[in-house]
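# Per-entry structural report
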Amino acid sequence: MTHPLVAPLRGGLIVSCQAYPGEPMRHPETMAQVAAAVVDGGAVAVRAQGLADVQLVAGRVQVPVIGIWKDGDAGVFITPTLRHSRAVLAAGADILALDGTERERPDGLTLAETVRRVREESDAPIMADCDTVASAVAAAEAGADLIGTTLAGYTDARPKTDGPDLDLLAEVVAALPGVAVVAEGRIHTPAQARAAAEAGAFAVVVGTAITHPSTITGWFDRALRSS
Ligand SMILES: CC(=O)N[C@H](C=O)[C@@H](O)[C@H](O)[C@H](O)COP(=O)(O)O
C-alpha cells in the first residue's frame, strides 16, 4: 500500500531546493524562502539538503519535505549512512531520501539493513536515489517507498544523458509495477517533465531548472554568445 504521506504526491511536481558549497545562495533562510516560493507555484513537496536547511524548510512549508544530507561529492554521498539518515529525520524531514545504489556504503551496512534499521525507529517514507534498474529493484525489495532515478548518469553504471534518462525511467517503471517511481535528474523543461510523467513517473522532481539561478543564467548566456 502506498504510504499515506506519499499518495498525495502522485502526478505532482516536487522541487529540489539546493545550493552548493561556496555558492551565494548557500544559506538555510534563502533555501526556506525558495521552498516557500515553489510551494506557492504548485510544488507538492520539496527536497532539501543538509540538516539546517531541512529543519528551517520543514518549519516554513506545509508540504512534505524530502530530506537528504550530502556528505562529500564522490562515491556514496547522498545520506550515505544510518547515522546521516537518523540525523535527517531528527532534523524534521517528512520523507528520508538516501543513496539507493548497490555500491558499498561508508558504514558497511547494506541498503536493506539501513532501511530495516530506520524502520525500527521511524514510520517516515523512504526514497532511494537509484542509478540502474537493478538498484531500483533491489531498493524496492529492501522496502523503499519511493524509487528515484536521481543518480542515473552520476555513477559508472550508465552514461550521463543530456536531459533526463527517460530510458532508465521507463525500464524501472516496467520492472516495478505498482511502485512509486520518481523521475529526478536533468529535467530542465516543462516538456521533459511531461515526458517523464508520460513514461510512467509517479511524480517528477525538478531542481536546477527552477532553483539554481547561476546555472540557468549560464544557459541563457551561452545561447546569446553562441554563433
Ligand atoms: C546527483 C546529485 O547529486 N543530485 C542531487 C540530489 O539531490 C541534486 O544535486 C540535484 O539537483 C537533484 O537531484 C535534482 O536534479 P536536477 O537539479 O538535475 O533537476
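One structure accompanies this document, and this report is about it. (Residues numbered from 1 in each chain as written. Predicted model: local features only at pLDDT ≥ 70, side-chain atom pairs only at ≥ 80, totals over all residues. Heavy atoms only, no water.)

## What about the sheet that holds strand 1 (residues 13–17)?
Rules: Here, a strand pair is defined by DSSP locating no fewer than two bridges between the strands. Numbering of helices and strands starts at the N terminus; helices are DSSP runs of H or I of at least 4 residues and strands are runs of E of at least 2. The axes are straight lines fitted to the C-alpha atoms, using for helices just the contacting stretch, and the angles between their N-to-C directions are given from 0 to 180°.
The sheet built from 8 strands closes into a barrel, its strands ordered 1-2-3-4-5-6-7-8 with parallel pairing. Averaged over all pairs of adjacent strands, the angle between strand axes in this sheet comes to 25°, irrespective of strand direction. In terms of strand pairing, strand 5 (residues 126–129) meets strand 6 (residues 146–148) through 3 bridges, oriented parallel. Bridge pairing in strand 6 links D129 to G148.

## What to know about unusual backbone geometry
Here is the rule: Under the scheme applied here, a residue whose accessible area is under 20% of the maximum for its type counts as buried, over 50% as exposed, and between as partly exposed, the area being computed with a 1.4 Å probe on protein chains only.
Residues other than glycine seldom take positive phi values, yet T79 does so here, at roughly 45°. As for its position among the elements, T79 is in the loop between strand 3 (65–68) and helix 3 (82–90). Even without a glycine there, the phi angle at R186 is positive, about 60°. Position of R186 among the secondary structure elements: in the loop between strand 7 (180–184) and helix 7 (190–198). On the basis of relative accessible area, R186 is assigned to the buried category, the value being 10%.

## What to know about the site of the ligand
The line we're drawing: One heavy atom within 4 Å of a molecule or strand is enough for the residue carrying it to be called near that molecule or strand. For the purposes of these results, a polar contact is taken to be a pair of N or O atoms within 3.5 Å, where, inside protein, one atom must be able to donate a hydrogen and its partner to accept one; residues adjacent in sequence count only when each atom of the pair is a side-chain atom. Only the protein chains shown count as cover for residues, and all accessible areas are computed by the Shrake-Rupley method using a 1.4 Å probe. Ten residue types, Ala, Val, Leu, Ile, Met, Phe, Trp, Tyr, Cys and Pro, are classed as nonpolar, four, Asp, Glu, Lys and Arg, as charged, and the remainder, Gly among them, as polar.
Taken together, 16 residues surround the ligand, and among them Y20, K70, E184, R186 and T208 come closest. The side chain of Y20 places a nitrogen or oxygen atom 2.6 Å from an oxygen atom of the ligand. Within the contact set of the ligand, an oxygen atom lies 2.5 Å away from a side-chain nitrogen or oxygen of T208. For the ligand, the accessible surface in isolation is 450 Å², of which the surrounding protein chains cover 91%. Its residues assigned to classes, the shell around the ligand comprises 7 nonpolar, 5 polar and 4 charged.

## Section: the pattern of salt bridges
A side chain with one charge can pair with a side chain of the opposite charge if their charged atoms come near. Rule in force here: A pair is scored as a salt bridge if a Lys or Arg side-chain nitrogen falls within 4 Å of a carboxyl oxygen belonging to Asp or Glu.
For the coordinates displayed, the defined rule picks out 11 salt bridges. Linking R105 and D99 is a salt bridge whose minimum nitrogen-to-oxygen distance equals 3.9 Å. Side by side, R105 and D99 carry an identical accessibility label, which is buried. Taken together, the shared-partner salt bridges connect R47, D129 and E184 into one network.

## Some words on the packing of helix 5 (residues 133–142) against helix 6 (residues 166–175)
The angle between the axes and the distance between the axes are what describe a pair of packed helices. The cut-off we apply is this: Note: crossing handedness is left-handed where the near helix turns anticlockwise from the far helix by less than a right angle, and right-handed where it turns clockwise. Note on contacts: a residue pair qualifies if any of its non-hydrogen atoms lie within 4.5 Å across the two residues.
Running from amino to carboxyl end, helix 5 crosses helix 6 at an angle of 35°, the nearest separation of the two axes being 9 Å. Both helix 5 and helix 6 take part in a crossing whose hand is right-handed. Only L168, E171, V172 and A175 of helix 6 make contact with helix 5, whose side of the interface consists of V133, A136 and V137. Here the contact of helix 5 with helix 6 is composed, by residue class, of 6 nonpolar, no polar and 1 charged.

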